[in-house]
There are 2 protein chains.
Amino acid sequence: MPVMSVDFANKLHSEGYRLTPQRQLILEAVRKAGGHLTPDQVYARVHTRHPAISRATIYRTLDFLCEMRLAVAMQWDGQTYYEIAGEQPHHHLICRTCGGIEPLAPGLVDSFVEAVSRKQRFTIDMDHIALFGLCERCRVGKSASSRHSSR
Amino acid sequence: MPVMSVDFANKLHSEGYRLTPQRQLILEAVRKAGGHLTPDQVYARVHTRHPAISRATIYRTLDFLCEMRLAVAMQWDGQTYYEIAGEQPHHHLICRTCGGIEPLAPGLVDSFVEAVSRKQRFTIDMDHIALFGLCERCRVGKSASSRHSSR
DNA sequence: CTTCTTATTGCAACTATTCGCAATAACCTT
DNA sequence: AAGGTTATTGCGAATAGTTGCAATAAGAAG
Ligand SMILES: [Mn+2]
Ligand SMILES: [Mn+2]
Ligand SMILES: [Zn+2]
Ligand SMILES: [Zn+2]
């Protein structure tokens, strides 16, 4: 019997959706995990408490939580990762070499989004952007080795 | 017997890869199409000329072309789209409402990438970024209808 | 031209994800 | 509390994409 926020119940009801134990368990599992989870990781956690749950329900519910804007998703290396949406949107920089994730300063994103809005009149969604590249540590290592190989 | 650029052959050979008919056909198919293609669309085109080709080879080769930086990929609506990489990187704005694609001014992206590089010392890959949101036409329609519904 | 090495392919098995559908149960109305 | 409506679930089948492996063939060497 998970104690679920009244907000969640109201949010669903006001849009004609229903509050089910599955949805509560999945939301709670993602919330408790506190980080980015794959559908399979969510399944593993929920399955221990509710063995009858179907994988299809996991996939559908995670998608549903994103539509409700209670969760955000991210594509990384062919996998989808889900996470609870915080008060403020946040973004990530992911290093293609070491796999490290670091936060992307919201201010920089805001400026960019505003510039695109002003100059191209397009409103970019900025829930949860993940951008890929090379972190400082790996860049330094790479230039050192390329210097080496260019001799 | 596709006439293939010598550059392609040399590029592969210099890295220890081999030039195969399959790779030539797939590269040529994507090049001729001139736009964004799904693996299945590539398969359909190549399959007419080379019926023995396997879907696995399509997937593997498209991936390979991206690693060679001869092609770029984009995720959209759960599908991966591939396209020949041009001289200059280019980017897209995709409307979540109407599905329209418009170009994103490279200058705006460059400024953003540079700001991230300067302030966070992270080098973002900027091959082929696709950002999602709301185009002007759809934004106008939406605000009109919300004005209507708020009465 | 022949031989050798091994990168690449096609196949089939496998995994991940989606989808149609009948059974279930949330919740609205009485 | 009971009944009716229909959103949601679990199941199993379908589809999309990946992977291991033996057979093939590209390219290097002689
Ligand atoms: Mn995140
Ligand atoms: Mn493009
Ligand atoms: Zn790194
Ligand atoms: Zn639009």
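About the criteria used
Residues numbered from 1 in each chain as written. Chains lettered and ligands numbered in written order. Predicted model: local features only at pLDDT ≥ 70, side-chain atom pairs only at ≥ 80, totals over all residues. Heavy atoms only, no water. Helix = DSSP H or I, 4+ residues; strand = E, 2+ residues; numbered from the N terminus. Buried < 20%, exposed > 50% of the residue type's maximum accessible area, 1.4 Å probe, protein only. Polar contact = N/O pair within 3.5 Å; in protein donor to acceptor, adjacent residues only side chain to side chain. Phe/Tyr/Trp six-rings, centres within 6.5 Å; stacked < 30°, edge-to-face > 60°. Lys NZ or Arg CZ within 6 Å of the ring centre and 35° of its normal. Near = heavy atom within 4 Å. Nonpolar A, V, L, I, M, F, W, Y, C, P; charged D, E, K, R; others polar. Pairing = 2+ DSSP bridges. Contact = heavy atoms within 4.5 Å. Axes fitted to C-alpha atoms, helices over the stretch in contact; angles between N-to-C directions. Donors = N, O, S within 2.8 Å, 3.2 Å for Na, K, Ca; no water. Parallel < 35°, antiparallel > 145°, perpendicular 65-115°, else oblique. Left-handed = near helix turned anticlockwise from the far one by under 90°. Domains from an automatic or database assignment. Buried area = accessible area lost by both parts, 1.4 Å probe. Salt bridge = Lys/Arg side-chain N within 4 Å of Asp/Glu carboxyl O.

A. Main features of the side chain of H91 of chain A. Residue and element names in this part refer to chain A. If you trace the backbone, H91 turns up in strand β3 (residues 91-95). Exposure remark for H91: the relative accessible area of 2% places this residue in the buried category. Separated by 3.0 Å, the side chain of H91 and the backbone nitrogen of I129 make a polar contact.

B. Just the packing of aromatic side chains, in detail. This structure, assessed with the given rule, holds five aromatic pairs over all chains. Between Y17 of chain B and F64 of chain B, the ring centres sit 5.1 Å apart and the planes meet at 80°, which makes this aromatic pair edge-to-face. Here Y17 of chain B, found in the loop between α1 (6-14) and α2 (21-33), pairs with F64 of chain B, found in helix α4 (residues 55-67); they are 47 residues apart in sequence, far enough to count as distant. Overall, F64 of chain B belongs to the buried group, its relative accessible area being 8%. Both rings, one in W76 of chain B and one in Y81 of chain B, keep their centres 5.8 Å apart while their planes meet at 45°; by these two values the pair is tilted. For W76 of chain B, a relative accessible area of 23% corresponds to the partly exposed category. Judged by relative accessible area, which is 18%, Y81 of chain B ranks as buried. In this structure, R23 of chain A packs its charged tip against the face of F64 of chain A, placed 3.9 Å from the ring centre.

C. Main features of the protein's contact with DNA strand C. Lining the immediate environment of DNA strand C, one finds 21 residues, of which H13, L19 and Y59 of chain A together with R23 and T57 of chain B sit closest. Among atoms of DNA strand C positioned within 4 Å of the protein, sugar and phosphate together represent 69%. Between a phosphate oxygen of DNA strand C and a side-chain N or O atom of H13 of chain A, the distance comes to 2.4 Å. In the environment of DNA strand C, a phosphate oxygen lies 2.3 Å from a nitrogen or oxygen atom belonging to the side chain of Y59 of chain A. Secondary-structure elements contributing two or more residues to the surface near DNA strand C are α4 (55-67) of chain A together with α2 and α4 of chain B. When the residues that make up the surface near DNA strand C are grouped by side-chain class, the tally is eight nonpolar, eight polar and five charged.

D. Broad picture of the sheet that holds strand β6 (residues 130-134) of chain A. An order of β4(A)-β3(A)-β6(A)-β5(B) is seen for the four strands of this open sheet, with the pairing classed as mixed. Edge positions in the sheet fall to β4 (101-104) of chain A together with β5 (123-124) of chain B, since each has one partner strand and no second. For β3 of chain A and β6 of chain A, the ladder comprises four bridges, and the chain directions are parallel. From the neighbouring strand, L93 of chain A faces β6 of chain A, where its bridge partner is L131 of chain A. In the packing of helix α5 (residues 106-120) of chain B onto the sheet, the strands contacted are β3, β4 and β6 of chain A together with β5 of chain B, and the crossing angle to β4 of chain A comes to about 110°.

E. Region of the structure containing the coordination of the manganese ion (ligand 2). Residues and elements named next belong to chain B. Of the protein atoms, only H36 (NE2), E83 (OE), H90 (NE2), H92 (NE2) and H128 (NE2) coordinate the manganese ion (ligand 2), at distances of 2.1 to 2.2 Å. Counting residues between consecutive donors of the manganese ion (ligand 2) along the chain gives the motif H-x46-E-x6-H-x1-H-x35-H. Residue class for E83 comes out buried when judged on its relative accessible area of 11%. By relative accessible area, which is 23% here, H90 ends up partly exposed.

F. Local environment of the packing of α2 of chain B against helix α3 (residues 39-49) of chain B. Residues and elements named next belong to chain B. Contact geometry for α2 and α3: axes closest at 10 Å, N-to-C directions at 120°. Relative to α3, the element α2 is oriented oblique. Between α2 and α3 lies a crossing of right-handed hand. Of the residues in α3, those touching α2 at L25, I26, A29, V30 and A33 are V42, R45, V46 and R49. Looking at side-chain class alone, the contact of α2 with α3 contains seven nonpolar, no polar and two charged residues.

G. Region of the structure containing the domain arrangement of chain A. Residues and elements named next belong to chain A. Here chain A is partitioned into domain 1 (1-86) and domain 2 (88-151). For domain 1 and domain 2, the distance between their C-alpha centroids amounts to 28 Å. Opposite the nine residues of domain 1 that make contact, domain 2 presents ten residues. For the pairing of domain 1 and domain 2, the buried interface totals around 800 Å² over both sides, and the portion due to carbon and sulfur atoms is 63%. Of all residues in domain 1, the largest losses of buried area upon contact with domain 2 belong to V72, M74 and W76, amounting jointly to 51% of the total for that side. Scanning the region where domain 1 abuts domain 2 turns up one salt bridge. A salt bridge links D127 to R69; the shortest N-O distance between them is 2.5 Å. Summed over the shared surface of domain 1 and domain 2, the result is seven residue pairs in polar contact (both at pLDDT 80 or more). Residue classes in the side of domain 1 that touches domain 2 are distributed as four nonpolar, three polar and two charged.

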